[in-house]
Structures are given as C-alpha cells and as structure tokens.
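Residue-level structure breakdown
Residues per chain are reported as follows:
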Amino acid sequence: GGIISDRLHGQTIDYRLWRLSVFERDDFTCQLCKARGGKLEAHHIRKWKDYIELRFNIDNGITLCKKCHNKTKRKEEEYEILFIETFKISNKLGE
C-alpha cells in the first residue's frame, strides 16, 4: 500500500504542481521539437515506477508535446540517456 498507481498519479495535487512547474521552467515549450503551447505533457526522465524518490523532482521532468511524448513510448531508456546528455541533468538527479 501507499504507492499511487500509474493510472492515478496524474490526479494528485503533488503531480499537478510538479507538472505545472516543469511547464513553467520550460516556458510551455516542447524540449524536442520546440513547439510552444498546444497539447503539452510532462515526461518523467527517470521512470515514475523505478525512481520513487524523483517522482516530484522538477529536474526529473521535461516538457514534450503529445507527438514527441508518443515517440518516447517503449523507448524510455534511449530517451532517458538523450535527455540526460542533452540537458546535463544527471548532477541535479543526485548522481
């Protein structure tokens, strides 16, 4: 018990505040294609299910448009490496 299911995590106030903080930091702009506004999604760089301690760490989030976010599906490990190398975030995630 005590762990929020993947389906429900978007409904918590902590998640909503984290998501808004990621969007604001990234100026409501997809960090892959640079599209501003539209259907944006906050992506966890390190997987939600594997990194409980990073779930609401703003540095573990990146703004993606829906189209770019869909490209990461089933390729999370590849994109995790890309995001860490491109945005130099590993130190912010406690590595």
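Everything that follows concerns the structure shown earlier in this document.
Residues numbered from 1 in each chain as written. Predicted model: local features only at pLDDT ≥ 70, side-chain atom pairs only at ≥ 80, totals over all residues. Heavy atoms only, no water.

Here strand E2 (residues 61–65) lies mainly inside the structure; five of its five residues are buried. Pairing analysis gives five bridges linking strand E1 (residues 40–44) to E2, with the strands arranged antiparallel. Each residue of the ladder has a partner; that of Glu 41, found in E2, is Leu 64. (Buried < 20%, exposed > 50% of the residue type's maximum accessible area, 1.4 Å probe, protein only. Helix = DSSP H or I, 4+ residues; strand = E, 2+ residues; numbered from the N terminus. Pairing = 2+ DSSP bridges.)

Turning to the pattern of salt bridges, a few remarks are in order. Inspection of the entire model under this criterion finds six salt bridges. With its nearest N and O atoms 3.4 Å apart, the salt bridge here joins Glu 41 to Lys 66. Residue Glu 41 is located in strand E1, and its partner Lys 66 is located in helix H2 (residues 66–72); the two are separated by 25 residues in the primary sequence. (Salt bridge = Lys/Arg side-chain N within 4 Å of Asp/Glu carboxyl O.)

Considering the arrangement of structural elements, one finds Asp 26 in the loop between helix H1 (13–25) and E1. According to the relative accessible area criterion, Asp 26 is buried, its value standing at 10%. In terms of polar contacts, Asp 26 uses its side chain to reach the side chain of Arg 25, at 2.9 Å. Excluding anything up to four places from it in sequence, Asp 26 contacts Gln 31, Ile 62 and Thr 63. (Polar contact = N/O pair within 3.5 Å; in protein donor to acceptor, adjacent residues only side chain to side chain. Contact = heavy atoms within 4.5 Å.)

What follows is about H1. Here H1 is 13 residues long and its end C-alpha atoms lie 18 Å apart, about the 18 Å a rise of 1.5 Å per residue gives. For H1, every residue scored as buried is listed here: Tyr 15, Trp 18, Val 22 and Phe 23. The buried residues of H1 all sit within an arc of 135° when viewed along its axis, so they share a single face. When the buried face of H1 is taken as reference, the exposed residues oriented beyond 90 degrees from it are Ile 13 and Arg 16. Tucked inside the fold, the buried residues of H1 contact E1 and E2. One or two residues past the end of H1 sits Asp 27, with phi positive at roughly 55°. (Expected span 1.5 Å × (residues − 1). Arc of directions from axis to C-beta.)

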